[in-house]
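# Working through the structure, step by step
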Amino acid sequence: MKVNRKHVLAEIAVSGLWDLRNLRIRYLYILLLLLFTAAGNSVAYAQQVLSLTGKVVDASTNKPLAGVKIEDQQSKVLGVSDVKGMFYIKAKEGENVVLTMLGFEKYYYTVRKDSLNITLQLEPSTRSIDEVVVTALDIKREQKALGYSVTTLKTEELTETLPNNWTEALSGKVAGLNLVRSNAGPTGSNSIILRGESNLTGSNEALIVVDGVIINGGSGRRVGGSAAYQDETVVDYGTNVEDINPEDIEEVTVLKGPGAAALYGSRGANGAIIITTKTGKKKEKGIGVNFSSNNSMATINRMPDLQYEYGQGDMVDYYSYGSTEDGANTGGTSKAYGAKFDGQYFYQYDPALQARGTERTLWRPYTEGFNAFFETARTSTNSISVDGGTDKTTARFSYTNVQNSWIVPNTGYRRNTVSMSVNSTPSKYIKVTAKMDYTNKSSDNLPGGGYNNQTIMYGYIFWQPNGDVRWLRDYWKKGLENVEQNTPLSTGRDNPYLIAYEMLNTQDRNALTGNVAATFTLRKNLEVTVRTAIDQAADTRSQRRPFDTYNFPKGMYREQNVISREVNSDVMVKYNTQVGENVKINASVGGAMLRNSYNRVSMSADSLLYPGVFTFANAASTIVTSPYKAKYAINSVYGLIAGDYKGFAFLDFTLRNDWSSLLATPTSTKNVSYFYSIGQW
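Attention here is on the structure that accompanies the text. None of these values were measured; they are calculated from a predicted model. (Residues numbered from 1 in each chain as written. Predicted model: local features only at pLDDT ≥ 70, side-chain atom pairs only at ≥ 80, totals over all residues. Heavy atoms only, no water.)

The next subject is unusual backbone geometry. Positive phi is not limited to glycine here, since Asn62 has a value of about 65 degrees. Residue classification places Asn62 among the exposed residues on the basis of a relative accessible area of 51%. We note that Asn410 has phi near 65 degrees; this positive angle belongs to a residue other than glycine. Its place among the elements puts Asn410 in the loop between strand S25 (393-405) and strand S26 (412-427). (Buried < 20%, exposed > 50% of the residue type's maximum accessible area, 1.4 Å probe, protein only. Helix = DSSP H or I, 4+ residues; strand = E, 2+ residues; numbered from the N terminus.)

Structure below.
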């Protein structure tokens, strides 16, 4: 065969050139890949999350600062310093974080790789040193003249987000303030503790005062117990404190320690939260109308980590729902030490039949577990206010509606609040103020809490990894509705859907708080204030339990009617004078009367004749009635003398004497008086 040499050489040359080009392309591709990898590593390095530890101190005293909030650029809270000023956060390298605390300037810090065991100094703020704040008994004073710690929060800080309980907005904003949460549902109450607990036997809660009205929270006393297998579960119905409408709050002043709230007597020993609500403002033309709407959603933050490697059983290597040819029944135990999930087939529960399936099915875990029971909580808050006035009279009216559905199905509440305030100055010698708040809160069902087999979370800890909680949605056995509940895979625990939809805890509360005050100016430096205030609530509650519950096999129906009332009236004289050029003296003296009453009537029918009928006419046994009444009275005199030397040296003396009926005996009213005084500078 004759070969064209030139043609072959040409082909070899072209082929070699193509291979060379391919080789160059490959090298270029590899080089680009290395460059992108290096760039990616550089980006990843730049965004590396670092652990930042350190301490925050007061730049003027070098003392540690507790409660300093650390946020990122999106205002997400990364951490809060502890009582020793120590903090630990995680942030990206190069990210700017801001440290904030009331009374101090903001501090900005850029996170670096060497940010370990650093000390950050916050400079005290001097911008509000001459600020006037509201103190005990609505006495306004300059903040610099106070010998105790005062923190003031404005309405914007409370309404950025609207939690179910407005006191949640105080968390992280006030140094030394701790919220003890009941975690018992959407109306669960919070205890506000200032500077730690100091009482081992009594209350450690701060006193709550709204426009001079002491909120006693008496109607919020709980129903039920918390121990396992008690006859009833705890239901936290909340108190008047939680019903305060945050949309109506102008500012909140936190008075810490007994010295701050001494004028309130022993009730103020744990400090006080002074709430000032909004009032009408003068308008040049027309009236002011404001509308706000807030909608929020919430899900469960975290759940316990559970194992999904082994199923229901007690140290056995098989599973059988009921006795079968595979072995004895293993479907009744609360333990999960059974067969390993390894592709086997066993006779299991069939939710369609509400019984054992006719065929073996795959032995597998349901990793969503009990979490599938819970829902997304939703809260909608809509508020409208109208205000206006003239030189002599201003007024404000507001209405707020709250609708809540909680994470437990068929639970939530509704709340409607109407507020009105009027300020009038008919002459330069007289000023009259009146405020009223009416709240109606109702719920068709509130969740139970505590450790009890009638609570949702009690069933959570005993649910089996081989079961889907949604199998329990048909909570009555077919053909036995209202008579026998469906509880597969467990014994001694009620069906969670039965708890949510049939074991109801209802509430309908009507609360009224208000005050009327008149101030008479007798001289330029002398005025007298007379006022009276009321805090009253009427609360109707019920608990119903259907047939076949663990604690009430024949059902149950109970009602409580609770009425609490507290009336405070006082007269206060204020006098101020100046001695020479350098000394100012302010004095306030007064007397007060407190009358508190609490009435509760409970009725119980702990077995019923017919299922599904919840009335006392359906009681199968004697109806038990338990009335309870309590009341007490306190009469007081008090005085406050404050001295000011050149605006930088201050001296206070507070004195108070109470006569309390709580110290009286059936035969004697002696030794009912107690006196105390506090001096500070």
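Note that Asp494 resides in the loop between helix H3 (456-460) and helix H4 (496-501). The charged side chain of Asp494 is buried without a salt bridge, its nearest counter-charge being Arg545 at 7.3 Å. Of the polar contacts made by the side chain of Asp494, one reaches the side chain of Gln485; its length is 2.8 Å. A polar contact of 2.9 Å, which involves the side chain of Asp494, links it to the backbone nitrogen of Tyr550. Here Asp494 is in contact with Asn453, Gln454, Gln485, Thr487, Ile499, Met503, Asp548, Thr549 and Tyr550, once residues within four sequence places are set aside. (Lys, Arg positive; Asp, Glu negative; His and termini not counted. Salt bridge = Lys/Arg side-chain N within 4 Å of Asp/Glu carboxyl O. Polar contact = N/O pair within 3.5 Å; in protein donor to acceptor, adjacent residues only side chain to side chain. Contact = heavy atoms within 4.5 Å.)

Attention now goes to the side chain of Ser607. Tracing the backbone shows Ser607 in the loop between strand S31 (583-605) and strand S32 (624-645). If near-sequence neighbours (up to four positions away) are discounted, Ser607 is found in contact with Lys554, Gly555, Asn618, Ala619, Ala620 and Ser621.

Attention now moves to the sheet that holds strand S15 (residues 249-255). Strand order in the open sheet formed by 5 strands is S10-S15-S16-S13-S14, with mixed pairing between adjacent strands. The open sheet has two free edges, formed respectively by strand S10 (150-154) and strand S14 (213-214), since each of these has just one partner strand. Where strand S13 (residues 207-210) meets S14, 2 bridges bridge the pair, whose relative direction is antiparallel. Counterpart to Val209 in the pairing with S14 is Ile214. (Pairing = 2+ DSSP bridges.)

On inspection of all chains with the given rule, the structure shows 7 cavities of 30 Å³ or more. Counted as a void, the largest cavity has a volume near 190 Å³. Taken together, 15 residues make up the lining of the largest cavity; nearest its centre are Asp243, Ile244, Asp437, Thr439 and Thr513. When residues of the lining of the largest cavity are traced back to their parent elements, those giving at least two are S26, strand S27 (430-443) and strand S28 (505-523). Of the residues that constitute the lining of the largest cavity, the class distribution is 5 nonpolar, 7 polar and 3 charged. Computed from the structure, the second largest cavity encloses a volume of approximately 120 Å³. Lining the second largest cavity are 15 residues, and of these Trp463, Ser490, Arg493, Asp494 and Pro496 sit closest to its centre. When contributions to the lining of the second largest cavity are tallied by element, the ones reaching two or more residues are H3 and H4. (1 Å grid on protein atoms, 1.4 Å probe; cavity = no way out; pocket = protein on both sides within 12 Å on 5 of 7 lines; lining within 4 Å. Points joined across faces, edges and corners; volume = space filled by probe spheres on them. Nonpolar A, V, L, I, M, F, W, Y, C, P; charged D, E, K, R; others polar.)

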